[in-house]
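The primary structure of each chain is shown beneath.
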Amino acid sequence: MNGYWFKYSLLQWCNEMEAKLGSVKGQFRESGEESILQEWEENLLTLKQEAQHSSDEEALYAQARDLYDDLNSYLGGSDLESERQQGQRLQPVPIGGHRLPPLPYAYDALEPVIDQEIMRLHHLKHHQSYVDGLNKAEKEMQKARQTGDFSLIKHWEREAAFHGAGHYLHTIFWSIMSPRGGGSPKGQLGKAINDSFGSFDQLRKHFTEAAKNVEAVGWAILVWSPRAHRLEILQAEKHQNLTQWDVVPLLVLDVWEHAYYLQYKNERAQYVENWWKVVNWKEVEQRFNKARTLAWQPF
């Protein structure tokens, strides 16, 4: 594992965990959960101390990632985090100010399932192009509003839809994979999967076939439907086509050829089957826990 990347990631996780704990410290105490707060703080302190002395980066990385995932999962499903988020003013992304998010792991971390070269090109070239395209489209539409010249608005709306969908889906895609992924989902997500599909095996078979049968290029997507109050599996072609509005993507799989062709050639089915080994179910469950709080009147 690259030493610089390891230290950067560990510091990033520790800083974020400290910030999260600090932001809800008062609410932990008010709710009588101070012992839980103390346990998290002790775990974080132990991690930072071990980082100063341990030479086993792989083991320390796994420990840090587990602590980071567990804290996010706990706070994501707790009233404390909900209260904190409600009182926190989120800053909007400036027009044309979208940025390429960093990967939460090294480029070679998902090997042998996904090759390092594919990950590097996919992230630095393809995802960056969606970010650049979205920023340009937003700036051009802003210019149209300022000048009153909307002669190319149809073109720039299409560009914003294409590149924006690409940017947001890829941002989810990186986060729902992990070098320590695989297995099957637990908790509320596991129960919801059983309720919606009968079993995890049924979900996996359905999702796999949906991914293999996306026509041309696109995505397979597991979503939460606030309107239907259940999970659904969708396909998306060219990002913005064949999708449904009013749903929340939870698990996404990129089956554009740039996601696998250098390694798997035209064997998309093999890529899809192997991909299940790196699914980060903790992240998917965290997304689900937040999404399921949305429940619109069904029609």
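Residues numbered from 1 in each chain as written. Predicted model: local features only at pLDDT ≥ 70, side-chain atom pairs only at ≥ 80, totals over all residues. Heavy atoms only, no water.

Caption draft 1: Structural context of a negative patch on the surface. On the surface, a cluster of negative charge is made up of Asp-56, Glu-58, Asp-108 and Glu-111. Position of Asp-56 among the secondary structure elements: in the loop between helix H3 (34–53) and helix H4 (57–76). (Patch = residues over 30% accessible without salt bridge, like charges linked within 9 Å, V, L, I, M, F, W, Y side chains within 5 Å. Areas by Shrake-Rupley, 256 points an atom, 1.4 Å probe, with all protein chains shown as cover. Salt bridge = Lys/Arg side-chain N within 4 Å of Asp/Glu carboxyl O. Lys, Arg positive; Asp, Glu negative; His and termini not counted. Charge placed at Lys NZ, Arg CZ, Asp CG, Glu CD. Helix = DSSP H or I, 4+ residues; strand = E, 2+ residues; numbered from the N terminus.)

Caption draft 2: Molecular detail of the pattern of salt bridges. Tallied over the full model, the rule gives five salt bridges. Measuring nitrogen to oxygen at the nearest pair gives 3.1 Å for the salt bridge that ties Glu-232 to Arg-230. Classification of Arg-230 as partly exposed rests on a relative accessible area of 42%. (Buried < 20%, exposed > 50% of the residue type's maximum accessible area, 1.4 Å probe, protein only.)

Caption draft 3: Highlighting the environment of Glu-159. When you line up the elements, Glu-159 lands in helix H7 (residues 153–175). Each C-alpha atom, one on Glu-159 and one on Glu-138, is 9.0 Å from the other, the two residues being 21 residues apart in sequence. In contact with Glu-159, other than residues within four places in its own chain, are Ala-137 and Gly-164. (Contact = heavy atoms within 4.5 Å.)

Caption draft 4: Here's a closer look at the packing of helix H8 (residues 187–197) against helix H12 (residues 281–291). Taken N-terminus to C-terminus, the directions of H8 and H12 make an angle of 80°; their axes are 8 Å apart at the nearest point. Classified by the angle between their axes, H8 and H12 sit roughly perpendicular to one another. For the pair formed by H8 and H12, the contact residues are Gly-187, Gln-188, Leu-189 and Ala-192 on the first element and Trp-281, Val-284, Glu-285, Phe-288 and Asn-289 on the second. In the contact of H8 with H12, the residues fall into five nonpolar, three polar and one charged. (Axes fitted to C-alpha atoms, helices over the stretch in contact; angles between N-to-C directions. Parallel < 35°, antiparallel > 145°, perpendicular 65-115°, else oblique. Nonpolar A, V, L, I, M, F, W, Y, C, P; charged D, E, K, R; others polar.)

Caption draft 5: View of the environment of Leu-37. With respect to the helices and strands, the residue Leu-37 is situated in helix H3. According to the relative accessible area criterion, Leu-37 is buried, its value standing at 2%. In the structure, Leu-37 is positioned 12 residues away from Lys-25 in sequence and 7.1 Å away in space, judged by C-alpha atoms.

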